[in-house]
Amino acid sequence: MRHPYLIRLNEKEDWLDWRRDESLDGGVVEEAHDILLPEGKNQMYEFNDSYWYGKANYHEHTTGWETFFVWDGRIEVTVRGKRTYMDSGDVLCLPPWDPHQMNNANDPMTVWNGLYHGMGLISNQSNWNMIQRTNPEMVGDPEIRANYLGNKNNWIRENPVYAVDVPKEEIREIRTYDNPLALYTLPGLELRQFTGRWENDGLSEVWLADMKQGVKVNYRKYNPQADLFYVIAGEVRFCVAGEEFVAGERCVVKIPHYAPRSFEAISDARMYDMGGATHWMDLLEDMTSLKMLSPDKYADKAYVAGVAKRQECYLAKVEYNGEVIFENEG
Ligand SMILES: [Fe+2]
């Protein structure tokens, strides 16, 4: 049975479902593993794991925000007529109307993850899979295929696409470990911003935390936020609603609204915060402004608590080897 909070991407028993998508000539395009279904009116937290063998059409979405995380391999991507390669650790952020194509460039496949909101991708793919089984001649109809299940969300562009080869730094949608949107260095902790709220319909942002062993994070007792974490290196021990468990490499942790939570890096660890409810960029900028320009306010615990509340931060305390890095007593 699937753990209530911990999802191991490499374990088939933790997948909700899986399917192979084939091209018209029968080649495997993708083996997709469904990990999390979308939630709520904004269809948040949809997440999948993909073994990508093939090539997508050049397309864009009329609605839906896609963030891709390359885990292993190499993928050729074309975005707005520019073509480059993405490698392990690279992230691609695609708002609606941003045209893109992906083409596997690794033998035999590239492993990557997709995080979506406002999209409903998994139900769309399951439906397509059902049509393939029950109505195969419809799948062969180019017009039906172009409309992709009759869902106009996929806006197919001219294929093949003419593209100019560029270094990946020239495609602004690509974020790399060495070139994040923002970087904050704290004791025991480095925080890298990979996507921003301005490119996620104001709903989320993605950060990567590099934690030294011994970093401890405690949250306030009443926390209305859901959290979504993805450990890509090392081990993190979580306590969620009284249940303790360890999330290792390739583990996703989904924490429901109001569940009490804390975690500790029990080795050096690298983990994405993908839930994006807290306005981390604003909070880290505001705390820096206070520290640099308004030291009296920075030392005023009630004032800091007000800033944290404004940025929807429910942290209580962050510590590294006993040193308090952040405290929110509000
Ligand atoms: Fe897409």
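Residues numbered from 1 in each chain as written. Predicted model: local features only at pLDDT ≥ 70, side-chain atom pairs only at ≥ 80, totals over all residues.

Participant: Tell me what's going on with the overall build of the chain, and back it up with residues and numbers.
Facilitator: The number of helices and strands found in the chain is six helices and 26 strands. A compact globule built from 330 residues should have a C-alpha radius of gyration of about 20 Å, and the chain, at 21 Å, falls within 12% of that. Along the longest, intermediate and shortest principal axes, the C-alpha atoms of the chain span 70 × 45 × 35 Å. The buried share among the 330 residues of the chain stands at 33%. (Helix = DSSP H or I, 4+ residues; strand = E, 2+ residues; numbered from the N terminus. Rg over C-alpha atoms; globule rule 2.2 N^0.38 Å. Buried ≥ 20, exposed ≤ 12 C-beta atoms within 10 Å, placed from the backbone.)

Participant: Please set out unusual backbone geometry residue by residue, giving values where relevant.
Facilitator: Backbone torsion omega between Asp 107 and Pro 108 reads -5°, so that peptide bond is classified as cis. Looking at the element boundaries, Pro 108 is found in the loop between β10 (100-104) and β11 (110-117). For the peptide bond that leads from Asn 159 to Pro 160, omega is 0°, which places it in the cis range. Tracing the sequence through the fold places Pro 160 in the loop between β12 (154-156) and β13 (164-165). Not every positive phi belongs to a glycine, and Gln 43 is a case in point at roughly 50°. Tracing the chain through its elements places Gln 43 in the loop between β3 (28-36) and β4 (46-52). What makes Gln 43 buried here is the crowd of 20 C-beta atoms within 10 Å. Here the phi dihedral of Arg 80 falls at roughly 50°; this positive angle occurs in a residue that is not glycine. Here Arg 80 is to be found in the loop between β7 (74-79) and β8 (82-87).

Participant: How would you explain the sheet that holds strand β21 (residues 243-247) if you had to name every residue and give the values?
Facilitator: Within a sheet, adjacent strands bond to each other through the backbone by hydrogen bonds, running parallel or antiparallel. An order of β21-β20-β23-β18-β25-β26 is seen for the six strands of this open sheet, with the pairing classed as antiparallel. What marks the edges here is a single partner per strand, and that holds for β21 and β26 (323-327). Shown here is a sheet whose adjacent strand axes are inclined to one another by a mean of 15°, direction ignored. In the sheet, strand β25 (residues 315-320) pairs with β26 via four bridges, with the strands oriented antiparallel. (Pairing = 2+ DSSP bridges. Axes fitted to C-alpha atoms, helices over the stretch in contact; angles between N-to-C directions.)

Participant: Lay out the nonpolar core in plain terms, naming residues and giving numbers.
Facilitator: In this structure, Leu 92, Phe 229, Val 231, Val 236, Val 252, Val 253 and Met 271 are the most contacted members of the largest nonpolar core, which totals 60 residues. The dominant element in this core, judged by the number of residues it contributes, is strand β17 (residues 206-211), at five residues. If near-sequence neighbours (up to four positions away) are discounted, Leu 92 is found in contact with Thr 67, Phe 68, Val 77, Met 86, Glu 173 and Ile 174. (Core = buried A, V, L, I, M, F, W, Y, C linked by C-beta atoms within 7 Å. Contact = placed C-beta atoms within 7 Å.)

Participant: Tell me about the domain arrangement of the chain, and please be specific about residues and values.
Facilitator: Segmenting the chain into domains produces domain 1 (6-175) and domain 2 (182-327). Each of domain 1 and domain 2 has a C-alpha centre, and the two are 29 Å apart. Listed per partner, the contact involves 20 residues of domain 1 and 18 residues of domain 2. The set of elements that each furnish at least two residues to the side of domain 1 that touches domain 2 consists of β1 (6-8), β3, β6 (65-72), β9 (91-94) and β11. With three residues, the top contributor of residues to the side of domain 1 that touches domain 2 is β1. Grouping the amino acids of the side of domain 1 that touches domain 2 by side-chain chemistry returns 13 nonpolar, five polar and two charged. (Domains from an automatic or database assignment. Nonpolar A, V, L, I, M, F, W, Y, C, P; charged D, E, K, R; others polar.)

Participant: Please set out the sheet that holds strand β14 (residues 174-175) residue by residue, giving values where relevant.
Facilitator: Pairing is antiparallel in the open sheet, where seven strands are placed in the order β2-β3-β4-β11-β6-β9-β14. The open sheet terminates on both sides in strands that have one partner only, identified here as β2 (17-22) and β14. Bridge count for β3 against β4 is six bridges, and the pairing is antiparallel. Bridging from a neighbouring strand, Ala 32 pairs with Ser 50 of β4.

Participant: Quick one: what's the story with the pairing of strand β19 (residues 227-233), residue by residue and with numbers?
Facilitator: Counting buried residues along β19, five of its seven residues qualify, which places the element largely inside the surrounding structure. Judged from the five bridges that link them, β19 and strand β22 (residues 251-255) form a sheet pairing that is antiparallel. Each residue of the ladder has a partner; that of Asp 227, found in β22, is Ile 255. One ladder, built from four bridges, connects β19 with strand β24 (residues 269-273); its direction is antiparallel. Each residue of the ladder has a partner; that of Tyr 230, found in β24, is Tyr 272.

Participant: An account of the environment of Gly 89 is requested, with residue identities and associated values reported.
Facilitator: Within the element layout of this structure, Gly 89 appears in the loop between β8 and β9. The partly exposed category is assigned to Gly 89, around which 17 C-beta atoms lie within 10 Å. The contact partners of Gly 89, leaving out residues within four places of it in the chain, are Val 70, Thr 176 and Tyr 177.

Participant: Account for the pairing of β25, with residues named and values stated.
Facilitator: As judged from the five bridges shared by strand β18 (residues 215-219) and β25, these two strands associate in the antiparallel manner. Bridge pairing in β25 places Tyr 219 opposite Leu 315.

Participant: Kindly report on the environment of Asp 34, identifying the contributing residues and their values.
Facilitator: Within the secondary structure, Asp 34 sits in strand β3. Linking Asp 34 and Ile 122, residues 88 residues apart in sequence, is a C-alpha distance of 6.8 Å. Discounting chain neighbours no more than four positions away, the residues touching Asp 34 are Trp 15, Leu 16, Asp 17, Trp 18, Asn 48 and Ile 122.

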